[in-house]
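For reference, the chains in residue letters:
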Amino acid sequence: VVGRLTGLTTARDIAIGGTYAYIAGYTANKVYVVDIARPDHPRLATTLTIANTPSAVAVRGSYLYVASWDTGALRVVDISSPLSPVVVGLITGVGVANPTRLVVNGRNVYKAGWSGVSIYNVNDPTAPVLLGGAAGLTDLVWDIAAGGGYVAAADSAGLRILDFRNPSSPTT
């Protein structure tokens, strides 16, 4: 262990953008923004309050994507100024619930969660749109990887390859 920062309540997921780590603070209803420019001395730079237990985060460019466990909501956060993150987009009530992982691939965000994977278009960060989803998997999808129109999903049944080339009706 080169560096350590304690006191981050229930850190659930982490994404790195530049010299900052963005950590989903599940029960704290926060995203912790940690300066990791000096790996031997990480420091809490700021926090962003996120309702409904943030459980998954991903970074692409100047945007942070945050999914909430309780509602499945997907938030888009402008992190062009990491010390002053601002929620600029939100979509609630659609897609899989209980998100465990977010993956950004091009202009799309894939969200893994309870028995499936959802895909959102975030070309306009202020207005994310649900494109579709694959449901009916065994149980909680723990991790995913996306590329070439396909998603590899890991759940208790093992590996599943999902075809998302037609996002409105993916095949399992």
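Reading the values: the criteria
Residues numbered from 1 in each chain as written. Predicted model: local features only at pLDDT ≥ 70, side-chain atom pairs only at ≥ 80, totals over all residues. Heavy atoms only, no water. Pairing = 2+ DSSP bridges. Helix = DSSP H or I, 4+ residues; strand = E, 2+ residues; numbered from the N terminus. Axes fitted to C-alpha atoms, helices over the stretch in contact; angles between N-to-C directions. Phe/Tyr/Trp six-rings, centres within 6.5 Å; stacked < 30°, edge-to-face > 60°. Buried < 20%, exposed > 50% of the residue type's maximum accessible area, 1.4 Å probe, protein only. Lys NZ or Arg CZ within 6 Å of the ring centre and 35° of its normal.

Chemist: So what's going on with the sheet that holds strand 11 (residues 129–140)? Which residues, and what values?
Modeler: Strands sit in the order 9-10-11 across an open sheet of three strands; the sheet is antiparallel. In this open sheet, the two edge strands, each paired with only one partner strand, are strand 9 (101–105) and strand 11. Between one strand axis and the next, the sheet turns by 25 degrees as a mean value, whatever way the strands run. Bridge analysis of strand 9 against strand 10 (residues 108–121) gives five bridges, and the strand direction is antiparallel.

Chemist: Break down the packing of aromatic side chains for me, with residues and values.
Modeler: Inspection of every chain in the model, using the stated rule, returns two aromatic pairs. Where Tyr-26 meets Trp-69, the ring centres are 6.2 Å apart and the plane angle is 80 degrees; that geometry is what we call edge-to-face. Taken together, the positions of Tyr-26 in the loop between strand 2 (20–25) and strand 3 (30–35) and Trp-69 in the loop between strand 6 (63–68) and strand 7 (74–78) put the pair 43 residues apart, joining distant regions of the chain. Ring centres of Tyr-110 and Phe-164 lie 5.5 Å apart, and the angle between their planes is 90 degrees; this geometry places the pair in the edge-to-face category. Of the two residues, Tyr-110 sits in strand 10 while Phe-164 sits in the segment after strand 14 (158–163), which places them 54 residues apart along the sequence. Considered together, Tyr-110 and Phe-164 belong to a single accessibility category, that of buried residues. Looking at Arg-12, its charged tip hangs above the ring of Tyr-26, at a distance of 3.9 Å from the centre. Sitting above the plane of the Trp-69 ring, Arg-12 keeps its charged end 5.3 Å from the centroid.

Chemist: Describe in detail unusual backbone geometry, supporting the description with residues and values.
Modeler: Phi angles above zero are rare outside glycine, and Asn-52 is one such case at about 65 degrees. Assignment of secondary structure puts Asn-52 in the loop between strand 4 (43–49) and strand 5 (54–60). A positive phi angle, near 55 degrees, is found at Ser-115, a position not held by glycine. On the secondary structure map, Ser-115 appears in strand 10. By relative accessible area, which is 18% here, Ser-115 ends up buried.

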